[in-house]
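Here is how the chains run, residue by residue.
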Amino acid sequence: MRVHWTENAIKHLTDIHAYISENSRIYAARMVDRLTKNSEQIAVFPRSGRMVPEFRAEDIREVIERPYRIIYRTKPEQIDVLAVIHGARQIDPHMIN
């Protein structure tokens, strides 16, 4: 199945990279690589992630790549990665728009 990274999710990745790069460009690149590789898993097994407890919607799921939560929506034709959020943060609905 096709995985589409939304502009919102790409911005989150860019922000994560910029933040981690302040201390280590190598670790920043590794983290972004780990996060994006999860899209391979969800492309093959879209329902492998758990339902996001804050939304209680069957089509909104997440996989964890510590310390981040990769939140995505399953659709019949594709998967939309909606957000990449640090696990310590509360999810606000505007974060996944």
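Given the structure is predicted, the values throughout are model-derived calculations rather than measurements.

Cut-offs and rules
Residues numbered from 1 in each chain as written. Predicted model: local features only at pLDDT ≥ 70, side-chain atom pairs only at ≥ 80, totals over all residues. Heavy atoms only, no water. pLDDT = per-residue confidence, 0-100. Helix = DSSP H or I, 4+ residues; strand = E, 2+ residues; numbered from the N terminus. Buried < 20%, exposed > 50% of the residue type's maximum accessible area, 1.4 Å probe, protein only. Contact = heavy atoms within 4.5 Å.

Undergrad: Would you mind showing me how to read the confidence of the model for the chain here?
TA: Low-pLDDT stretches of the model should not have their predicted coordinates read in fine detail. Confidence in the prediction for the chain averages 92 pLDDT; 97% of positions are at 70 or higher. Confidence, read as mean pLDDT per element, is least for strand 2 (residues 50–51) in the chain (92) and greatest for helix 1 (residues 7–21) (96).

Undergrad: Sorry if this is basic, but what is going on with the environment of Pro 67 here?
TA: Position of Pro 67 among the secondary structure elements: in the loop between strand 3 (60–65) and strand 4 (68–74). Residue classification places Pro 67 among the partly exposed positions, given a relative accessible area of 35%. The spatial distance from the C-alpha of Pro 67 to the C-alpha of Lys 37 is 15 Å, given a sequence separation of 30 residues. Excluding anything up to four places from it in sequence, Pro 67 contacts Met 31, Ile 85, His 86 and Gly 87.

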